Amino acid sequence: MSELQQLPARQGRAVALKAGQSIRIVNTHGHQVVDTWAFNAHDLGEFLSMEHMRAAIDRISPKPGDKLVTNKRRPILSLEADSSPGVHDTFIAACDIYRYQGLGCKEYHENCADNLRAGMAGLGLTPSEVPSPLNLWMNIPIKTDGSIGWEEPVSKPGDYVVLKAEMDCIVAMSACPQDIVKINAGAPTDAHYEVLA
Ligand SMILES: [Zn+2]
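Residues numbered from 1 in each chain as written. Predicted model: local features only at pLDDT ≥ 70, side-chain atom pairs only at ≥ 80, totals over all residues. Heavy atoms only, no water.

1. Side note on the pattern of salt bridges
Oppositely charged side chains can pair when the atoms bearing their charge come close.
Then comes step 1: Scanning the model with the defined rule gives 9 salt bridges in all.
Then comes step 2: Salt-bridge contacts for R59 lead to D66; the nearest nitrogen and oxygen are separated by 2.8 Å.
Then comes step 3: Note that D114 is salt-bridged to R117, the shortest N-O span being 2.7 Å. One end of the pair, D114, and the other, R117, are both in helix α3 (residues 112-121), 3 residues apart, so they sit about a helical turn from each other.
Then comes step 4: The exposure class assigned to D114 is partly exposed, which follows from its relative accessible area of 25%.
Then comes step 5: The class for R117 is partly exposed, based on a relative accessible area of 41%. (Salt bridge = Lys/Arg side-chain N within 4 Å of Asp/Glu carboxyl O. Helix = DSSP H or I, 4+ residues; strand = E, 2+ residues; numbered from the N terminus. Buried < 20%, exposed > 50% of the residue type's maximum accessible area, 1.4 Å probe, protein only.)

Right under this line is the structure:
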């Protein structure tokens, strides 16, 4: 039925889900951030939107049972299960070439924005834009003084989330290649995923 697929280190993949199908995303080694997006399969201009989602769930990060909504405030995914402590980020933009230039890179550095484009291209699709991702396992603590931290994930090897499609959608994932800021514990790895009927 389903088969575990590799999300290679530093790369992106996308899969098409029919409404009612689910995807299980596995943090195989436990310290890998997976940037995750979802687009309406019939209108790529409608996509999972973090700012709309936070208003819908009254939280900064989703918990099992929450419906994740689009920029048109319609559910596109629901979070069905989360075996990890539930520390995910919804505030930080996908890393891109400009981020790495700002960090001092003189040459090309793989990045989540390009990984989104590459993953979608694998399905013959072009994303309408690079929406703010659901950064699974990214540990960005928000402190009482309003400042944020850039910490290592608190997940364990094999932790997973299950996202159910509430509409026909394209789910894209990037194994974040960030190796300068320590959000991947300094060592980006692969992850895995499988589509559940
Ligand atoms: Zn990234």
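2. Description of the sheet that holds strand β7 (residues 75-82)
Then comes step 1: Strand order in the open sheet made by the 6 strands is β1-β11-β3-β9-β7-β6, with antiparallel pairing throughout. Of all the strands in the sheet, the pair left with one neighbour each is β1 (5-7) and β6 (67-69). On average, each strand axis in the sheet is inclined to that of its neighbour by 30 degrees, with strand direction left out of account.
Then comes step 2: As defined by bridge partners, strand β3 (residues 22-27) adjoins strand β11 (residues 191-196) across 5 bridges and the pair is classed as antiparallel. Across the sheet, V26 pairs through a bridge with H192, a residue of β11. (Pairing = 2+ DSSP bridges. Axes fitted to C-alpha atoms, helices over the stretch in contact; angles between N-to-C directions.)

3. Things to note about unusual backbone geometry
Then comes step 1: Backbone geometry at R73 places phi at a positive 60 degrees, although glycine is not the residue there.
Then comes step 2: Relative to the helices and strands, R73 is located in the loop between β6 and β7.
Then comes step 3: Judged by relative accessible area, R73 falls into the exposed class, the value being 56%.
Then comes step 4: With phi around 55 degrees, A185 is a residue other than glycine that occupies positive phi space.
Then comes step 5: Residue position: A185 is located in the loop between β10 (169-175) and β11.
Then comes step 6: According to the relative accessible area criterion, A185 is partly exposed, its value standing at 28%.

4. Side note on the pairing of strand β9 (residues 159-165)
Then comes step 1: Counting buried positions over the 7 residues of β9 gives 5, a clear majority of the element.
Then comes step 2: As defined by bridge partners, β3 adjoins β9 across 6 bridges and the pair is classed as antiparallel. For N27, the partnering residue across the bridge sits in β9 and is D159.
Then comes step 3: Taken together, the 5 bridges between β7 and β9 define a ladder with antiparallel strand orientation. Bridging across to β9, S78 finds its partner in K164.

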